[in-house]
Every structure is written in structure tokens, then in C-alpha cells.
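# Structural description and commentary
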Amino acid sequence: MSPRPAGAAALAAAALLPALASAPAHAAPAPEGAAHGRESVRFATYNSSLHRGAEGELIEDLSAPGDDQAAAVAEIIQRAEPDVLLVNEFDYDAEGRAAELFQRNYLSVGQGGADPVDYPYRYSAPANTGVASGFDLDNDGNAVTEPGEPGYAEDAFGFGRYPGQYGMVVYSKYPIDTDRVRTFQEFRWADMPGALLPEDPETGEGFYSEEELAELRLSSKSHWDVPVRVGRGKPVHLLAAHPTPPAFDGPERRNVLRNHDEIRFWADYTTPGKGGYIYDDQGGRGGLRPGSRFVVAGDLNTDPHDGDGHPRAIRRLLEAPRVNADEVPRSDGGVEAAELQGGANADHTGDPAHDTGDFNDEAPGNLRIDYVLPSRGLPVRGSGVYWPTTDDPAHGKAAAASDHRLVWLDLR
């Protein structure tokens, strides 16, 4: 049985490692003509697909220059040059080695003609992916607790073949207030009032047993509140997460419902009076303090109009009173891709300019599932989806790096 990870606070602190020294990065061209200078801070999210099939493989791949996918991911980051970046699907290790190596061997080295970029501050912490639950969470009759055994990923707290697969990391040019980071890895799904817990449609009984619900965590990876000191005054809280896809389940729709509640968590956390039930991994209670500045970021795995997500999942967050969803990042590449690929894209009702993921043309098609959402009161100067069109030399790199596209937002 895989050991349960140590407390999130201790490992998170250990994983916050200063980047290795390198020359200051020169400003790369802002994608698609966006305004980006000293008067604005660029927040971004990118599902990089930098995950591997076995524990330690990502560290091995990043230990020297030459990994084509990592180089493509780094080039995209260098060309977009965000100041604060959440990377989803980046395998977690307790020493922060993979994140350090990615900076040293890829981000600090110009890729494809782009200028290097240096992030002096990083943050990572344990995720629920690949952490053995001890239960038969997929109800197939077997509780698999040994990594590598068939069915292990399905019975883990979050789908993963080993602890830390599909993790997250934050890269920042600005200091991270580590003493005030809050993580919610162990918050239990059943502790959310009105949680959409799945039921067996044939019997009407709960899909999970009482014993399972007493342990089952809400977050399939984790939820983080990472305060970033971007200037004088209050910090900006980067609210990072990567909810489970609303797919790969059965008629009970357990992943659809979990995705809904993982997204709802941030809606409640940022709304005064709604987050009183929330507790973090260090025992602190309550939601975000009223008046705090924040940016919700991550691959939230649900489109407002298309795909298989719960119809209210992302809308609940977009309509939260303190969330500013007025600025919708867009690209010309997303429009072109939908036209060229056809298939399910032809029946979508959402604007393809807002798509952030390039998925199977038959189903679900391309979707908007990656988000950077600021709090109201933070002036937005620009935004975009880094999705080059086919006549752009960077087009092939974006496709080779990941099936997601980097999404950015400039805040004054």
C-alpha cells in the first residue's frame, strides 16, 4: 500500500525552492499583440501535459536538455511570458526536483528563437492523484491499493497511477507568501453542504458507502490559495485547481458531479458568507477574507456551452458575485481549428474563439475548459489564448506540446 503523504504544510514548504541563478529574461513578444509591460501583471494557466507513466520519469526526462515536448512547452511559456503561471499536469515530487530542472534546462534556455524566462519563485504541494484510498471507489468489486496493479488509479483519491501524477506547480516572478498559503487537499466531499453526491440510478442508494464518504476527498488533485505579492498593498491570491474531467464514469455520473462541486468550492470560497464550512489542511476555517484580491486559475475541465459537464458547473463560478468573468480570452487559432476539424465542433454553440483545448473531433470537440478569472476591482488590460494559426511558425509547437493552450490575462 502506498504511504499516505505527509502533511501538506510541511511538504509544500519543502517544495518551495528558489530557482537556480540565471540571467534576467528579456521580454518575449507579447502573443497576438497584447499589452504587457511594467504597468500590468500577466497571470496565466497552462495544462502542459508534462506527466509521465511512471514515478520519476519526468525528473529523468528533464534532467538534461533534449526532451522535445518539454522544449515545446517551454517555448510557449517563453513566448507568452506570464509573470505568474499555474502549470497543470506537471508530476509532483516532494523535493521539487522536476520543477527545478524544468526551469534550469528548459525555461532558462531559449527555445526555438524565444528568449529565456526566469521564475525566481515556485510553489508546489501534494495532490490526491495516485494516493491510495483503501476503498473500492469505482465499485468494481476490488479495492486496489498497490501502485502498478490494474485498477489502482480508479481507486485512488484522484485518478493516478502513482502519487503525484498529474500534479500542479506555480512559477512566479513575484514573491509568494508561503506562510499564508492554504491547501485543501484533504477537505472531504461530504462536508460540503448540499454536495452532489452520486447515487445508483437503479436503486436510488448512494454510490459510495458511509465509510467511504467519511474519507473521500473533494479535490481530485488539490485546491490551493497561494498569495502572491505583486506590489504594494494586499497580495493577489492565486486560487489554483484542476478538477476531474466530467467523463470516464457510469450512469451514476460521479465524475460529472465531483467536477461540479470542485468548481463550486471556489465560488463558495470567494463569496462572503458562503465559505464558512470550508477548512484547510492546517485546520484553518472559512473562505477568503472579504475584500481580498484574487485570480482563479486552472484547467477546470468544463465548458459553459458544450461538452459533457454539469450545466451549472462552470456557470456557478462565472456568475459568482466577486468573480469578473466579463473578459473572455480568445484566439484566431481556435476559430480556424474548429473550421478545419469539423466533427463535433460544427454543432457547438459556444464561440470557438474562446476554446482552450483541442480534443477528439468526433466527441467532445474543442472546448473552453481553462480559465483565468480575476476578482472584481482588478482592472483587466488584455487577455488571450495562445493558439497560433496554421500560418504561424509556432503552430506546430503548440500542438506538439499539449492538447491544451496557454490562457493569459493582464491585470493592472
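Residues numbered from 1 in each chain as written. Predicted model: local features only at pLDDT ≥ 70, side-chain atom pairs only at ≥ 80, totals over all residues. Heavy atoms only, no water.

This brings us to the overall build of the protein chain. Scanning the protein chain from terminus to terminus reveals 10 helices and 11 strands. Computed over its C-alpha atoms, the radius of gyration of the protein chain comes to 20 Å, within 12% of the 22 Å expected for a compact globule of 412 residues. Seen through its principal axes, the protein chain has C-alpha atoms that stretch 60 × 50 × 45 Å. Put simply, the protein chain has 412 residues, and 57% of those count as buried. Taking the contacts inside the protein chain whose residues are at least 6 apart along the sequence as the reference set, 76% of them involve residues at least 24 apart. Across the protein chain, the 37 positively charged side chains and the 66 negatively charged ones have centroids separated by 11 Å. (Helix = DSSP H or I, 4+ residues; strand = E, 2+ residues; numbered from the N terminus. Rg over C-alpha atoms; globule rule 2.2 N^0.38 Å. Buried < 20%, exposed > 50% of the residue type's maximum accessible area, 1.4 Å probe, protein only. Contact = heavy atoms within 4.5 Å. Lys, Arg positive; Asp, Glu negative; His and termini not counted. Charge placed at Lys NZ, Arg CZ, Asp CG, Glu CD.)

Here the focus is the nonpolar core. Of all hydrophobic cores here, the largest spans 37 residues; its most connected members are Phe187, Phe265, Trp266, Leu317 and Leu373. Of all the elements in the fold, those that place two or more residues in this core are strand E7 (236-241), helix H7 (254-270), strand E8 (293-299), helix H8 (313-318) and strand E9 (370-374). At six residues, H7 tops the list of elements feeding residues into this core. Setting aside its immediate chain neighbours within four residues, Leu317 contacts Ile263, Trp266, Ala267, Val296, Leu300, Val323 and Leu373. Ala70, Ala72, Ala74 and Ala394 belong to the second-largest nonpolar core, a separate cluster that totals 32 residues. (Core = buried A, V, L, I, M, F, W, Y, C linked by side-chain atoms within 4.5 Å.)

This part covers the sheet that holds E9. With respect to topology, five strands assemble into an open sheet ordered E5-E6-E7-E8-E9, the strand pairing being mixed. Two strands close off the open sheet at either side, each with one partner strand: strand E5 (182-183) and E9. Bridge count for E7 against E8 is five bridges, and the pairing is parallel. Bridge pairing in E8 places Leu239 opposite Val296. Helix-sheet contacts for H7 involve E5, strand E6 (223-228), E7 and E8, and the interaxial angle to E6 is about 40°. (Pairing = 2+ DSSP bridges. Axes fitted to C-alpha atoms, helices over the stretch in contact; angles between N-to-C directions.)

When two helices pack together, you describe them by how their axes are tilted relative to each other and by the distance separating the axes. Where helix H3 (residues 68-80) contacts helix H4 (residues 97-107), the axes come no closer than 10 Å and their chain directions differ by 80°. In terms of axis orientation, H3 runs roughly perpendicular to H4. Facing H3, whose interface residues are Ala70, Ala71, Val73, Ala74, Ile77 and Gln78, H4 presents Phe102, Tyr106 and Leu107. Residue composition of the contact of H3 with H4, grouped by class: eight nonpolar, one polar and no charged. (Parallel < 35°, antiparallel > 145°, perpendicular 65-115°, else oblique. Nonpolar A, V, L, I, M, F, W, Y, C, P; charged D, E, K, R; others polar.)

Attention now moves to the sheet that holds strand E10 (residues 380-385). Strand order across the open sheet formed by six strands is E3-E4-E2-E1-E11-E10, with mixed pairing between neighbours. Unpaired on one side and paired on the other, strand E3 (121-123) and E10 mark the two borders of the sheet. Taking each pair of neighbouring strands and ignoring which way they run, the sheet shows an average axis angle of 15°. Where strand E1 (residues 41-50) and strand E11 (residues 407-411) come together, five bridges link them in antiparallel fashion. Within the sheet, the bridge partner assigned to Phe43 lies in E11 and is Leu409. Relative to the sheet, H3 contacts E1 and strand E2 (84-90), its axis offset from that of E1 by approximately 170°. Against the sheet, H4 engages E1, E2, E3 and strand E4 (168-172), with an angle of about 50° to E4.

This brings us to the UniProt feature "domain: Endonuclease/exonuclease/phosphatase" (unreviewed entry) in the protein chain. The positions that UniProt labels "domain: Endonuclease/exonuclease/phosphatase" (unreviewed entry) are, in the present scheme, residues 66-404. With 21% helix and 14% strand, residues 66-404 has its two end C-alpha atoms placed 22 Å apart. (UniProt positions renumbered as here; feature names shortened; annotations may be inferred.)

Turning to the pairing of E6, a few remarks are in order. Of all six residues in E6, six are buried; the element is thus mostly enclosed. Here E6 pairs with E7 via six bridges, running antiparallel. Of the residues in E7, the one forming a bridge with Val226 is Leu238.

Residue placement: Ser219 occurs in the loop between helix H6 (210-213) and E6. At a separation of 3.4 Å, a polar atom in the side chain of Ser219 contacts the main-chain amide nitrogen of Lys221. A distance of 3.1 Å separates a polar atom in the side chain of Ser219 from a polar atom in the side chain of His223. Excluding anything up to four places from it in sequence, Ser219 contacts Asn128, Phe184, Arg258 and Glu262. (Polar contact = N/O pair within 3.5 Å; in protein donor to acceptor, adjacent residues only side chain to side chain.)

Okay, the pattern of salt bridges next. Following the criterion strictly, the structure yields 19 salt bridges and no others. Notably, a salt bridge pairs Arg52 with Asp67, separated by 3.6 Å at the nearest N-O pair. With Arg52 in the loop between E1 and helix H2 (57-62) and Asp67 in the loop between H2 and H3, this pair connects stretches of sequence that are 15 residues apart. For Asp67, a relative accessible area of 17% corresponds to the buried category. Residues Arg188 and Asp191 are paired through a salt bridge, measuring 2.9 Å at the closest nitrogen-oxygen approach. For Asp191, a relative accessible area of 25% corresponds to the partly exposed category. By sharing partners, the salt bridges in this structure join Arg52, Asp61 and Asp67 into a single network. (Salt bridge = Lys/Arg side-chain N within 4 Å of Asp/Glu carboxyl O.)

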